[in-house]
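# Observations on chain architecture
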Amino acid sequence: MEFLIGKLLENYLINTGLKEVVEEGLKDLGIKLEDLYEMDPDPGLGNGGLGRLAACFIDSMASLDIAGTGIGIRYRYGLFRQLIQNGYQVETPDNWLKIPNVWEICKAEDARIVKFGGNINMNWGGDGHLYVELEDYEPVLAVPYDIPVPGYDSERVNTLRLWSAETENSGFDFSEFSKGDYDRAVENITTAHSISNVLYPDDSTPRGKLLRLKQEYFFTSAGLQDILSRYLKGGGNIREFHLYNAIQINDTHPALAIPELMRLLIDEQGLGWDDAWAITVATFGYTNHTILAEALEKWPLDMFKKLLPRIYMIVEEINRRFVAELSMKDGYGFDRIAKMSIIGDGAVKMAHLAIVGSHSVNGVARLHSDILKNKELRNFSEFYPGKFNNKTNGITHRRWLIGANPELAGAIDRTIGTGWRKDPGKLTELEKFIDRGFSDEAYAIKQNNKERLAGYILKTTEIGVDKNSIFDIQVKRLHMYKRQLLNIFGVMDMYNRIKAGNTSGMYPRTVIFSAKAFPGYGLAKNTIKLICTVADRVNSDKEAADFLRVVFLPNYDVSLAERMIPAGDISEQISTASKEASGTGNMKFMMNGAVTLATLDGANVEIREAVGDDNIILFGLTSDEVISYEQHGGYDPYREVRNDSRLEAIISQIREGYFGFAGKNEFTPVLDHLLKDGDPYFVLKDFDAYVSARDKIDGIYSDRSRFSRMCAVNIARSGRFSSDNTIAAYADDIWNVKHR
Ligand code: 26W
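A separate point is the nonpolar core. Core analysis: the largest hydrophobic core is formed by 93 residues, its most contacted members being Phe116, Phe218, Phe304 and Phe380. The dominant element in this core, judged by the number of residues it contributes, is helix 7 (residues 210-233), at nine residues. With residues up to four places along the chain from it excluded, the contact list for Phe304 reads Leu213, Leu256, Trp299, Pro309, Ile311, Tyr312, Val315, Val348 and Met350. If you look at the next biggest cluster of nonpolar residues, it comprises 71 residues, including Ala544, Val683, Tyr690 and Cys711.

Here the focus is helix 9 (residues 257-268). Among the 12 residues that make up helix 9, 10 are buried, leaving the element largely enclosed by the rest of the structure. Here helix 9 has its buried residues at Ala257, Ile258, Pro259, Glu260, Leu261, Met262, Arg263, Leu264, Leu265 and Ile266. Directly beyond the C-terminal end of helix 9, a positive phi value near 70 degrees is found at Gly270.

The next thing to look at is the pattern of salt bridges. Per the counting criterion, the structure on display carries 56 salt bridges. Residues Asp226 and Arg161 are paired through a salt bridge, measuring 2.8 Å at the closest nitrogen-oxygen approach. Residue Asp226 is found in helix 7, and its partner Arg161 is found in strand 9 (residues 157-165); the two are separated by 65 residues along the sequence. For Arg497, the salt bridge identified is with Asp695, shortest N-O distance 3.1 Å.

A contiguous nonpolar surface patch, about 390 Å² in accessible area, is contributed by Leu29, Ile31, Leu36 and Met39. Within the secondary structure, Ile31 is located in the loop between helix 2 (19-28) and helix 3 (33-39).

The next thing to look at is the sheet that holds strand 18 (residues 509-514). The strand order across the open sheet formed by six strands is 19-18-17-20-21-22, and the pairing between neighbours is parallel. Because the sheet does not close on itself, it has two edges, and the strands there are strand 19 (548-552) and strand 22 (617-618). Pairing of strand 20 (residues 570-573) with strand 21 (residues 595-598), which is carried by four bridges, proceeds in the parallel orientation. Bridge pairing links Glu572 to Leu597 in strand 21.

Two measures define how a pair of helices packs: the angle their axes make with one another and the distance between the axes. Direction vectors running N to C along helix 4 (residues 49-63) and helix 32 (residues 723-735) enclose 75 degrees, while the axes themselves pass 9 Å from each other. With respect to each other, helix 4 and helix 32 are oriented roughly perpendicular. Residue-level inspection shows Cys56, Phe57, Ser60 and Met61 of helix 4 in contact with helix 32, the latter providing Ser723, Asp724, Thr726, Ile727, Tyr730 and Trp735. In the contact of helix 4 with helix 32, the residues fall into six nonpolar, three polar and one charged.

This part is about the site of the ligand. Lining the immediate surroundings of the ligand are 20 residues, of which Asp202, His289, Asn393, Glu580 and Gly583 lie closest. Taking His289, its side chain carries an N or O atom lying 2.7 Å from an oxygen atom of the ligand. A distance of 2.8 Å separates an oxygen atom of the ligand from a polar atom in the backbone of Gly583. The protein chains hide 96% of the 570 Å² of surface that the ligand would expose on its own. Counting residues per element, the shell around the ligand draws most heavily on helix 4, at three residues. Tallied by class, the residues present in the shell around the ligand amount to six nonpolar, nine polar and five charged.

Turning next to the pairing of strand 6 (residues 119-124). In terms of strand pairing, strand 6 meets strand 7 (residues 130-135) through six bridges, oriented antiparallel. Looking across to strand 7, one finds that Asn123 is bridged to Tyr131. Connecting strand 6 to the antiparallel partner strand 7 that follows it, the hairpin turn spans five residues, and Gly128 within it adopts a positive phi of roughly 80 degrees.

With that settled, consider the side chain of Arg399. Among the secondary structure elements, Arg399 is positioned in helix 17 (residues 397-403). Within the structure, the side chain of Arg399 is placed 2.7 Å from the side chain of Glu562, a separation counted as a polar contact. Leave out the neighbours within four places in its chain, and Arg399 touches Ile5, Gly6, Lys7, Leu8, Asn11, Arg52, Ala404, Val558 and Glu562.

Criteria and cut-off values
Residues numbered from 1 in each chain as written. Predicted model: local features only at pLDDT ≥ 70, side-chain atom pairs only at ≥ 80, totals over all residues. Heavy atoms only, no water. Core = buried A, V, L, I, M, F, W, Y, C linked by side-chain atoms within 4.5 Å. Buried < 20%, exposed > 50% of the residue type's maximum accessible area, 1.4 Å probe, protein only. Helix = DSSP H or I, 4+ residues; strand = E, 2+ residues; numbered from the N terminus. Contact = heavy atoms within 4.5 Å. Salt bridge = Lys/Arg side-chain N within 4 Å of Asp/Glu carboxyl O. Patch = residues over 30% accessible without salt bridge, like charges linked within 9 Å, V, L, I, M, F, W, Y side chains within 5 Å. Areas by Shrake-Rupley, 256 points an atom, 1.4 Å probe, with all protein chains shown as cover. Pairing = 2+ DSSP bridges. Axes fitted to C-alpha atoms, helices over the stretch in contact; angles between N-to-C directions. Parallel < 35°, antiparallel > 145°, perpendicular 65-115°, else oblique. Nonpolar A, V, L, I, M, F, W, Y, C, P; charged D, E, K, R; others polar. Near = heavy atom within 4 Å. Polar contact = N/O pair within 3.5 Å; in protein donor to acceptor, adjacent residues only side chain to side chain.

Below is the structure:
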């Protein structure tokens, strides 16, 4: 449902191998390629990790010569553009289509009708088949727009097919939107036909809103109708559909594809239930991206039934048969069955539907997949042995190294040749050159990248930063489990030490944040305000000038990530252990030669294994410790504050507005989160370990040969986290398709 594709021009030039010749040709015309890149829109068709992963995956599928299609929604408005005004996030429309999208081709001839609402007309035919007709439904026209996805150094060009609900331009009330009352702005959309107007900017909780459900059915129904008709037109035999088609659902947002395929096979192709079910389960794989309970989609029964009456019937029958199967098995008593049922507590539980309707369920990093299998979804993994597996995420090095960091890519070419471009696993060949010049060269390139970023920071925020300071960067969506709050607490502590004059061992540091908060997520927006307030205070204090600068860069998007990541010395990956399913920014920084400051969460665990304890800086509670606190209690944030004068100082400084604030109780949400609400993400608990870990960095960074060596080892061992490897594993273990 999300493809955060970013600017396409450079990706196309790299993958088709035309970049150099185009650059030359444009130069003859007096045109700089960089200027064209600037004109290329950055389509914000996703919220963050999940959407960006999908974009990396289709790049890798094409590059591994797998015939694969991305299916999504052509949102008229993507993720909002973020302004920071007086330290506050302000959302404005992402009007990415204000100029025609030169990369898309409208395929009106493949348009489909998607049916909403209506009544069911049923009758049993003489042949024992139940004939179902939908009448008085509301038809929505789905029109596909195709965006090419060329493989790297490959003849293959795949397609990203984005569906648009064609309609007159119905009012989308941005005045509500700018007030942050995002929901009403969305709900003001009157006609169903404007289903594809706007991407939901929430990346943590499914909005129980009718429009979201319509969007989910809209693109899954159009997409499946399209796949099926293309397969049949190609002479495919419907009973072999699963032998020629594999469909991977990206979280549960497309989970309606499961009952929709059943509907098409039974109501349109005339198959019996059992045959249709066998084909459906063999076709689908489900990727889970989060264990956060609030992110597990549940749709109210009445809303579901009314909008999708036939689909609801099918879900009910799927559940009836599932529950019957469970009750035949020993050890599945009533309460356990109730916990596993697809329909329960007045809702349809999409994760349960996705698990039952797929032949494979995977998490996105080993730790996450273990938690799914042994805890969150244990009931299912015991009932379906062999269904649960792990597919650790990956990133495309074609965008995140070759595209974003051309100087480093060139240095790697000069050191080990260009084979790594096609096979990123070859990056390990750098190892033997690390102490023979590659570390130094990578360090020098990092300095150049830092200088470019310093220029961008000056231009956008008027803050001058020193490229010889440590660039300590945290860029990701603003969510309390990602703990930007812990980072800014570390900054406040550092500032307090500067003011107290104990700067011995302190190395100059530029702490850089960039993050968007879901418009309705008040606590996250309060955290942005705190970061900006602290930044203003620190940056205007000349006593701090020699040691500390704090920057919040607005409007984090793919292009800004490409600009920041190559300049990272320290990659802040400090989520509460067990909460970050994987992370992918951690891999991007690693590939660009940053050292990770990490908790043992998500893919950080595997990065640590790859680089070894000498080349990563670890701290904080482990996943088991967090889970045990959550299960048995015993954590008292007030005691943490009482036992640490540094925390006492920071808390009272925030309360008293020492760093400044506009309103008296400006940061009550943050303080309540940490104290009254029990600090659910253990910010105070991990503070001491975090500060010690940060302090270690000063010593490491000042030993230039040691630090540059650590960076080089990270680059050399990052090939393992290429999405080419991840896609090869999906292809071998789940889709059963051949690849390069
Ligand atoms: C609005 C509904 C909703 C709910 C959850 C939208 C998006 C989600 C996703 C689960 C949020 C997400 O992006 N998860 C991130 O997925 C990345 C790719 O696998 C992981 O690297 C991140 O750890 C995970 O937080």
